Amino acid sequence: MFGNFAKERGLLLFPSGNECENWIDPALNIIYKMNTLVHVGGDIQKLFNRLDIYNFLFPEVALKFVGFQIMSETNVYPIFAQPFISNANYATKPQIDEYMLIKGFIPMEKDGYYRNDKYILSDIKPKNVLITIDNNIFVIDAEISEILSIKSVS
């Protein structure tokens, strides 16, 4: 069980949204995320498909599958590892807009939504986008809200 793994290694519980529980390993600069499958309706295949797209779009903070957490007899959730970006602050909306334009996405009317001809992304808000002292931007969490065209991400 990941909770035991985290406890045994002294990982720090980190604030998270409603779809994840997060733990940080400060020695390795890794954040572990347990996904509760809430945004994919419990469909783990859909989650992995969308993670492939996320990793293609944001490879510098790619999520890697590491195992499962058993929560009850009927609930098992996947655990992912992601690089932890230390010494960073939340990016501002103008910084995010500029970064997403460079990546080929335009902002939509709804806050935190961006699109190109293949995808609509959401939840790209300051709470999910970090900027370092060197002005490097990292989208550490994003939802693939819609796939507009089939594209291989391999």
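In the block above lies the structure referred to throughout.
Residues numbered from 1 in each chain as written. Predicted model: local features only at pLDDT ≥ 70, side-chain atom pairs only at ≥ 80, totals over all residues. Heavy atoms only, no water.

A. View of helix α3 (residues 93–102). Buried within α3 are the following residues: I96, D97, Y99 and M100. Taken down its axis, α3 places every buried residue within 165° of arc, on the same side. In α3, the exposed positions angled more than 90 degrees off the buried face are occupied by P94, E98 and I102. Buried residues belonging to α3 abut β7 (106–107), β8 (114–115), β9 (119–122), β10 (129–132) and β11 (137–139). Positive backbone phi, at 95°, marks G104, one or two positions downstream of α3. (Buried < 20%, exposed > 50% of the residue type's maximum accessible area, 1.4 Å probe, protein only. Helix = DSSP H or I, 4+ residues; strand = E, 2+ residues; numbered from the N terminus. Arc of directions from axis to C-beta. Contact = heavy atoms within 4.5 Å.)

B. Expanded view of the pattern of salt bridges. Under the defined criterion, the tally for this structure stands at 3 salt bridges. A salt bridge links D97 to K93; the nearest nitrogen and oxygen atoms lie 3.0 Å apart. With a gap of 4 residues between them, D97 and K93 both fall in helix α3, about one helical turn apart. (Salt bridge = Lys/Arg side-chain N within 4 Å of Asp/Glu carboxyl O.)

C. Molecular detail of the packing of aromatic side chains. In this structure the tally under the stated criterion is 5 aromatic pairs. Both rings, one in Y54 and one in F58, keep their centres 5.3 Å apart while their planes meet at 50°; by these two values the pair is tilted. Looking at F58, the relative accessible area reads 0%, which means it is buried. Look at F65 and F68: their rings are 5.1 Å apart centre to centre, the planes differ by 65°, and that puts the pair in the edge-to-face class. A relative accessible area of 38% means that F65 is categorised as partly exposed. Overall, F68 belongs to the partly exposed group, its relative accessible area being 44%. Among the aromatic residues, ring-to-ring pairing joins F48, F65, F68 and F80 into one connected group. (Phe/Tyr/Trp six-rings, centres within 6.5 Å; stacked < 30°, edge-to-face > 60°.)

D. Geometry of helix α2 (residues 44–57). Over its 14 residues, α2 extends 20 Å from the first C-alpha to the last, a length consistent with the 20 Å expected when each residue adds 1.5 Å. For α2, the secondary structure elements touched by its buried residues are β3 (30–35), β5 (76–83), β9, β11 and β12 (143–147). (Expected span 1.5 Å × (residues − 1).)

E. Empty space enclosed by the protein, seen in detail. Applying the stated criterion across every chain, the model contains 2 cavities of 30 Å³ or more. Within this model, the second largest cavity holds a volume of roughly 30 Å³. Lining the second largest cavity, in full, are K93, I96, D111, G112, Y114, I124, K125 and P126. Per-class residue counts for the lining of the second largest cavity are 4 nonpolar, 1 polar and 3 charged. (1 Å grid on protein atoms, 1.4 Å probe; cavity = no way out; pocket = protein on both sides within 12 Å on 5 of 7 lines; lining within 4 Å. Points joined across faces, edges and corners; volume = space filled by probe spheres on them. Nonpolar A, V, L, I, M, F, W, Y, C, P; charged D, E, K, R; others polar.)

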